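Residue-level structure breakdown
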Amino acid sequence: QVQLVESGGGLVQAGGSLRLSCAASGRTFSTYAMGWFRQAPEKEREFVATINWSGGRTNYADSVKDRFTISRDNAKNTVYLQMNSLKPEDTAVYYCAAAGRPYDSNLGTQYTYWGQGTQVTVSS
């Protein structure tokens, strides 16, 4: 069992930055790929970014590419999402997820464990 706790959300003006963190429990964190997803009001959950078990491979949604960076620190059981040049359309609840396998994926169905989410609001 893996528990995930997100933090770092908040209110920011357009053009600003935030860094989300996701702390994971359990000894197997370093064997899991991790992902970030988001869900805006009245919209379906969408993929944001993913990173493989070692941190050597990442993938991003086109809408956040070149603005967001996913990273992980396996010694701290933590994955991060650095978000720069934020836009109002980035407003959503952001969820951290752990896949039950080492390889990254942009499919939510590949992820076994989910956090409770953290709200990100970008004002124009």
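Attention now moves to the overall build of the protein chain. Each helix and strand in the protein chain was counted, giving zero helices and eleven strands. Listed N to C, the secondary structure of the protein chain is β-β-β-β-β-β-β-β-β-β-β in terms of helices and strands. Here the protein chain has a C-alpha radius of gyration of 13 Å; the compact-globule value for 124 residues is 14 Å, and the two agree. Across its three principal axes, the protein chain shows a C-alpha extent of roughly 40 × 25 × 25 Å. Taking all contacts inside the protein chain whose residues are at least 6 apart in sequence as the whole, residues at least 24 apart take part in 59%.

A general tendency of soluble globular proteins is for nonpolar side chains to be buried together. In this structure, Leu-4, Met-34, Trp-36, Val-79, Leu-81, Met-83 and Tyr-94 are the most contacted members of the largest nonpolar core, which totals 37 residues. Elements that contribute at least two residues to this core include exactly strand E3 (18-24), strand E4 (34-39), strand E5 (46-51), strand E7 (68-73), strand E8 (78-83), strand E9 (92-99), strand E10 (111-114) and strand E11 (118-123). With six residues, E9 is the single largest residue contributor to this core. Apart from the residues lying within four places of it in its own chain, the contact partners of Met-83 are Gly-16, Ser-17, Leu-18, Leu-20, Arg-67, Phe-68, Tyr-94 and Val-120.

Before going further, it helps to spend a moment on the side chain of Thr-50. Along the chain, Thr-50 turns up in strand E5. Within polar-contact distance, the side chain of Thr-50 engages the backbone oxygen of Met-34 at 3.1 Å. From its side chain, Thr-50 meets the backbone nitrogen of Ser-105 in a polar contact 3.3 Å long. Residues within four places of Thr-50 in sequence aside, it is in contact with Met-34, Gly-35, Arg-57, Thr-58, Asn-59, Ile-70, Asp-104, Ser-105 and Tyr-111.

Next up on the list: the packing of aromatic side chains. Summed over all chains, the structure comprises five aromatic pairs. Among the aromatic residues, those joined into a ring-pair cluster are Phe-37, Phe-47, Tyr-111 and Trp-114. The ring of Phe-29 is capped by Arg-72, whose NZ or CZ atom sits 4.5 Å from the centre of that ring.

Read from one edge to the other, the open sheet built from four strands follows the order E1-E3-E8-E7, with strand pairing classed as antiparallel. Both outer strands of the open sheet, strand E1 (4-7) and E7, are each paired with one neighbouring strand and no more. Strand-to-strand, the axes of this sheet are offset by a mean angle of 15 degrees, without reference to chain direction. Across four bridges, E1 lies against E3 in antiparallel orientation. Counted as the bridge partner of Glu-6 is Cys-22 from E3.

Inspection of every chain in the model, using the stated rule, returns five salt bridges. A salt bridge links Arg-38 to Asp-90; the nearest nitrogen and oxygen atoms lie 2.9 Å apart. Linking Arg-38 in strand E4 with Asp-90 in the loop between E8 and E9, this pair joins segments that are 52 residues apart in sequence. Across the pair, Asp-90 and Arg-38 agree in class, each one buried. The residue Arg-67 makes a salt bridge to Asp-90 at a minimum N-O spacing of 2.8 Å.

Scoring rules and cut-offs
- The residue numbers shown here count from 1 along each chain, following its written sequence.
- Local features in this predicted model are restricted to residues whose pLDDT is 70 or higher, and side-chain atom pairs enter the listing and the counts only when it is 80 or higher, whereas totals over whole chains, interfaces and linings include all residues.
- Neither water nor hydrogens contribute to the side-chain values; these are computed over all heavy atoms in the structure.
- For helices the rule is a DSSP run of H or I covering at least 4 residues; for strands it is a run of E covering at least 2, with both sets numbered from the N terminus onward.
- Radius of gyration here uses only the C-alpha atoms, and the compact-globule reference equals 2.2 Å multiplied by the residue count raised to the power 0.38.
- Residue contacts are counted whenever heavy atoms from the two residues lie within 4.5 Å of one another.
- Residue types Ala, Val, Leu, Ile, Met, Phe, Trp, Tyr and Cys, when buried and joined through side-chain atoms within 4.5 Å, form a set referred to as a nonpolar core.
- Residue burial is assigned from relative accessible area. The probe radius is 1.4 Å, only protein chains are included, and a residue is buried under 20% of its type maximum, exposed over 50%, and partly exposed in between.
- Polar contacts here mean pairs of N or O atoms no more than 3.5 Å apart (in protein, one a potential hydrogen donor and the other a potential acceptor; neighbouring residues in sequence count only if both atoms are side-chain atoms).
- Under the pairing criterion, centres of Phe, Tyr and Trp rings, with the six-membered ring standing for Trp, must be within 6.5 Å; the plane angle then separates stacked pairs below 30 degrees from edge-to-face pairs above 60, leaving the rest tilted.
- The rule for a charge over a ring is simple: NZ of Lys or CZ of Arg within 6 Å of the ring centre, and within 35 degrees of the ring normal.
- In this scheme, strands are said to pair when DSSP sees at least two bridges between them.
- Note on method: axes are straight lines fitted to C-alpha atoms, helices fitted across the in-contact stretch only, with angles between N-to-C directions ranging 0 to 180 degrees.
- Basic side-chain nitrogens of Lys or Arg form a salt bridge, by our definition, when they fall within 4 Å of a carboxyl oxygen of Asp or Glu.

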